[in-house]
Every structure is written in structure tokens, then in C-alpha cells.
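Single-letter residue listing:
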Amino acid sequence: MKPTARTLRFEQLHIDVARNANDDFNPFHDKNRLRNIRDNPFAGPILLGFQLECLIENTLRRFRIEQAEPALIEDEGLRFSNYEFKF
């Protein structure tokens, strides 16, 4: 089965909610302070790491469900997933 292309996008609201929930003051996440960073290579705010990790985990979970893998996972006793994220 060929995967379908989808565009997934975080809006500034998603970044701001996460920042405010954990007192993140990193200027790379702040649309107002971002322009004050010298030699900043980014055109706009970047996600918090855990937001990207959650997106990846959820995307993989949904893909496995679409591929009917939960039955295989149950049958084989595969209780864990391993991921390594490097930023």
C-alpha cells in the first residue's frame, strides 16, 4: 500500500501554547525575539523538540494502525518501540 502525502503544519499558536506551558524562554521559539538572534539561520520560529517527537510518534502509531499492525504486535508480544532522536 502506497503512503498518501499529507502536509502537517504547526502554527505559531501550537508553539506558544507549548512555550507557555513549560516556561520556555528560548528566543528561537519566540516570533518577536527571533529577529534579535545574531546570524539566525531560521526564517521563523522553530518547534520545541518534544512537539516534533510527539508528531513523529503519533504519525508512526497511526501508520501502524492503518497497516493493521496492532494484531501483529499483539500476536508477537512486541510491547515496546525504540526511537532515537538527534537534534
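Thresholds, definitions, all that
Residues numbered from 1 in each chain as written. Predicted model: local features only at pLDDT ≥ 70, side-chain atom pairs only at ≥ 80, totals over all residues. Heavy atoms only, no water. Helix = DSSP H or I, 4+ residues; strand = E, 2+ residues; numbered from the N terminus. Rg over C-alpha atoms; globule rule 2.2 N^0.38 Å. Buried < 20%, exposed > 50% of the residue type's maximum accessible area, 1.4 Å probe, protein only. Contact = heavy atoms within 4.5 Å. Areas by Shrake-Rupley, 256 points an atom, 1.4 Å probe, with all protein chains shown as cover. Expected span 1.5 Å × (residues − 1).

A. Region of interest: the overall build of the protein. In terms of helices and strands, the protein carries three helices and zero strands. Counting from the amino terminus, helix and strand elements in the protein follow one another as α-α-α. Taking 2.2 N^0.38 as the reference for a compact globule, 87 residues should give roughly 12 Å; the C-alpha atoms of the protein span a radius of gyration of 17 Å, well beyond that estimate. The principal-axis extent of the C-alpha atoms belonging to the protein is close to 55 × 25 × 20 Å. Out of the 87 residues in the protein, the part that is buried amounts to 13%. A fraction of 45% describes how many contacts in the protein between residues 6 or more apart in sequence connect residues 24 or more apart. Of the roughly 7,400 Å² of accessible surface on the protein, 54% is carried by carbon and sulfur atoms.

B. Broad picture of unusual backbone geometry. Residues other than glycine seldom take positive phi values, yet Asp23 does so here, at roughly 55 degrees. With respect to the helices and strands, the residue Asp23 is situated in the loop between α1 (12-21) and α2 (49-66). Here the phi dihedral of Asp39 falls at roughly 55 degrees; this positive angle occurs in a residue that is not glycine. Take Asp39: it is sitting in the loop between α1 and α2. Owing to a relative accessible area of 68%, Asp39 belongs among the exposed residues under this scheme.

C. Quick look at α2. Taking 1.5 Å as the rise per residue, α2 with 18 residues should run 26 Å; its terminal C-alpha atoms sit 26 Å apart, in good agreement. Remark: Ala68 follows α2 within two positions and exhibits a positive phi of approximately 60 degrees.

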